[in-house]
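# Fold and geometry: a report
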Protein chains: 2
Amino acid sequence: MSKSVAPVLVIHGGAGSSRTIDRRRLIAREQALKGILDAVYRALQRGSSALKAVALAVEMLEDDPQFNAGRGSKLQADGKIRMSAALMDGSRRRFAGAVNVEGVRNPIRLSERLLRNPPDGSRVLAGPGAARFARSQQLRFRSPYTDERKREFRRAGKGKFGTVGAVALDSKGRLAAATSTGGRGLEYPHRVSDTPTVAANYANSSCAVSATGVGEEIVDFAVASHLCSLRETGIGVARASRMLKQQADKSRARFGWIALDADGNFYVATTTAHIIWAAATAAKLEVHA
Amino acid sequence: MSKSVAPVLVIHGGAGSSRTIDRRRLIAREQALKGILDAVYRALQRGSSALKAVALAVEMLEDDPQFNAGRGSKLQADGKIRMSAALMDGSRRRFAGAVNVEGVRNPIRLSERLLRNPPDGSRVLAGPGAARFARSQQLRFRSPYTDERKREFRRAGKGKFGTVGAVALDSKGRLAAATSTGGRGLEYPHRVSDTPTVAANYANSSCAVSATGVGEEIVDFAVASHLCSLRETGIGVARASRMLKQQADKSRARFGWIALDADGNFYVATTTAHIIWAAATAAKLEVHA
């Protein structure tokens, strides 16, 4: 006998300092998050798996140039765009990811192929290996070097939130997490961020987390896997999140996260000024920008 | 007032299937581990920090071609050697690492420079970026393409244990962890292993862990950060290790680890047939191969 669960979807468009973002842009992103939330939550209600839902949500975020992932990715100090993504199937406890891949339209779709069809068992690939595998899978390529990105690079422009992500609980009670990033912007070439690791993206049968913020500090706290480990010992995602926020605040670490458990409880927290997020449950739909 | 603690050092030379290793080779590795353990434990007794001790232990393991790291690294399917390493300072909760770097003699020393002197704040670098930073730091380069490696490649030889690591507690009560790998051998080019992530290498003020085994499965279980998260909730490293081993056995996941806490308790476990390790405390020195 299997019981049907009310699906939950939480997505984020990055954490950062609100001082660098103008109000008009925030409202546009709020609208974008709401559109993505609506579309993906409907899919979950129609019976989509959590894994498919988080991949779809992150694909839509990657395709929107307002967010720092996929099409909206930032340039590293050498003028190159290197994107990273991760996808984790909580019910099977399986992780896959792409590190610093160039030119692939949707790094999250590349992660999905690595999860489903890992070449010789390898589920995380970097740079040219990741691009080669993407070509072998006939994934779409598209230059992310838009005019806007090049302008930003010339102005050394920061001011865009970093990283997008999604966590979902589906009607069969399965959890999944997906995260994608275009990097920090103007960083040392070939820097590896937290995104394609369990520090930023983790899910098991009881918990799913996606983190965003200063990558090095997310790694130091192993944010996503830490919260899921606490959940496994019986500590709820809200309490675990408050404990972590206290520790991170004390160390002046700068990051935020969305956390969801198998009972549908979710929690959003950040030690930064701002995190843009949206959540949908059977009861309500909320957007916070 | 600061209390002096009896130092503890635990090192490993990888986990794997014992059927592929002959007895004579195991004895030689046992001798090598003992020599490294002796030298590094003496340094800890003379007041070396845990961070310096684990870096020194892993450097010595990288320089010994019997182990799969540094000089003994395996070749990926395209005939290239790509090495990865990670170093974490538990007392400052800071992680650094190198992903798939080529030609650097000691990836662990590169990780140490990234920890001490991160370029523009970047503490994990991959491939050409990692090599460029290593050159800027005047680190030593040496071709790991020895005749023995090339012979192994031609025979598609496996049978060598994967990954080396060390955890230490110093006389000031500080913990650190270091891990280094030459990869799985003959894997898809540019595969990223667990080693340069918090799944294989983690330390904070209460716990330090280094893991070895099938990289994808270590990532799925977030082995190192998971054990340290459990330790933070008050679960000892022995009990946390037994809990994880039970879960991993059930999923047929193949990995092992060394775990050490701030009270000097340590635990070594593996779900594979074998793990080569050695430990030194004030009371005794033991080697298990």
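These figures come from a predicted structure and were not determined experimentally.

On to the nonpolar core, then. Note that soluble globular proteins tend to have their nonpolar side chains buried in a common cluster. Core analysis: the largest hydrophobic core is formed by 96 residues, its most contacted members being Val 223, Phe 255 and Trp 257 of chain A together with Val 223, Phe 255 and Trp 257 of chain B. Residues in contact with Val 223 of chain A, not counting those within four places in the same chain, are Ala 199, Ala 211, Ile 218, Leu 244, Phe 255 and Trp 257 of chain A. Leu 44, Ala 50, Val 104 and Ala 278 of chain A belong to the second-largest nonpolar core, a separate cluster that totals 48 residues.

The next point concerns the sheet that holds strand β9 (residues 255-261) of chain B. Residues and elements named next belong to chain B. One open sheet holds the four strands; their spatial order is β7-β8-β9-β10, and the pairing between them is antiparallel. At either end of the open sheet lies a strand with only one pairing partner, and these are β7 (201-203) and β10 (266-270). For this sheet, the mean inter-axis angle between neighbouring strands, taken without regard to orientation, is 10°. When strand β8 (residues 207-213) meets β9, the two strands line up antiparallel, connected through seven bridges. Note on β9: the bridge partner recorded for Thr 212 is Gly 256. Lying over the sheet, helix α8 (residues 237-250) contacts β8, β9 and β10, oriented at roughly 165° with respect to β9.

Right, let's talk about the interface of chain A and chain B for a bit. With 43 residues of chain A at the interface, the matching set in chain B holds 43 residues. Across the chain A/chain B interface, buried area totals approximately 3500 Å², and carbon plus sulfur atoms make up 56% of it. With its nearest N and O atoms 2.9 Å apart, the salt bridge here joins Arg 123 of chain B to Asp 220 of chain A. Summed over the shared surface of chain A and chain B, the result is 23 residue pairs in polar contact (both at pLDDT 80 or more). Those elements that provide at least two residues to the side of chain A that touches chain B are β3 (94-101), β4 (124-126), α4 (127-136), α6 (215-221) and α7 (223-232) of chain A. If you tally residues by element for the side of chain A that touches chain B, the top one is α7 of chain A, at five residues.

Turning our attention to the pairing of β9 of chain B. Residues and elements named next belong to chain B. Of all seven residues in β9, seven are buried; the element is thus mostly enclosed. Residue alternation in β9 divides its side chains into two sets, Phe 255, Trp 257, Ala 259 and Asp 261 and Gly 256, Ile 258 and Leu 260, and both sets are buried. Sheet topology note: the β9/β10 ladder contains five bridges and is antiparallel. Across the sheet, residue Ala 259 finds its bridge partner in β10, namely Tyr 267. Linkage of β9 to β10, two consecutive antiparallel strands, is achieved through a turn of four residues, within which Gly 264 is found at a positive phi near 90°.

This part takes up the relation of the copies chain A and chain B. By a simple turn and slide, chain A fits onto chain B: the slide is 0.0 Å along the axis, the RMSD is 0.0 Å, and the turn is 180°. Interpreted geometrically, this transformation is the action of a two-fold axis. A shared interface surface links the copies, since 100% of the contact residues of chain A are contact residues in chain B too.

A word on helix α2 (residues 50-63) of chain B. Residue and element names in this part refer to chain B. With 14 residues, α2 should cover 20 Å at 1.5 Å per step; its first-to-last C-alpha distance of 20 Å lies within 8% of that length. Taken together, the buried positions of α2 are occupied by Ala 50, Ala 53, Val 54, Ala 55, Ala 57, Val 58, Glu 59, Leu 61 and Glu 62. The inward-facing, buried residues of α2 abut β1 (8-16), α1 (23-45), β2 (83-89), α3 (107-116), β5 (164-169) and β6 (175-181).

What follows is about the environment of Ile 275 of chain A. All names here are of chain A. Mapped onto the elements, Ile 275 comes out in strand β11 (residues 274-280). Between the C-alpha atom of Ile 275 and that of Thr 233, which follows or precedes it by 42 residues, the distance is 27 Å. Excluding its chain neighbours within four sequence positions, the residues that come into contact with Ile 275 are Gly 14, Ala 15, Thr 212, Gly 256, Trp 257, Val 268, Ala 269, Thr 270 and His 288.

Residues and elements named next belong to chain A. A full pass over the atoms with the stated rule returns 36 salt bridges over all chains. Of the charged contacts in the structure, one is a salt bridge between Arg 109 and Glu 59, with a shortest N-O distance of 2.8 Å. Of the two residues, Arg 109 is situated in helix α3 (residues 107-116) and Glu 59 in helix α2 (residues 50-63); the sequence distance between them amounts to 50 residues. Relative accessible area serves as the criterion here: at 19%, Arg 109 is assigned to the buried category. Classification of Glu 59 by relative accessible area gives buried; the value is 18%.

Conventions and cut-offs
Residues numbered from 1 in each chain as written. Chains lettered and ligands numbered in written order. Predicted model: local features only at pLDDT ≥ 70, side-chain atom pairs only at ≥ 80, totals over all residues. Heavy atoms only, no water. Core = buried A, V, L, I, M, F, W, Y, C linked by side-chain atoms within 4.5 Å. Buried < 20%, exposed > 50% of the residue type's maximum accessible area, 1.4 Å probe, protein only. Contact = heavy atoms within 4.5 Å. Pairing = 2+ DSSP bridges. Helix = DSSP H or I, 4+ residues; strand = E, 2+ residues; numbered from the N terminus. Axes fitted to C-alpha atoms, helices over the stretch in contact; angles between N-to-C directions. Buried area = accessible area lost by both parts, 1.4 Å probe. Salt bridge = Lys/Arg side-chain N within 4 Å of Asp/Glu carboxyl O. Polar contact = N/O pair within 3.5 Å; in protein donor to acceptor, adjacent residues only side chain to side chain. Least-squares fit on C-alpha atoms with pLDDT ≥ 70 in both. Expected span 1.5 Å × (residues − 1).

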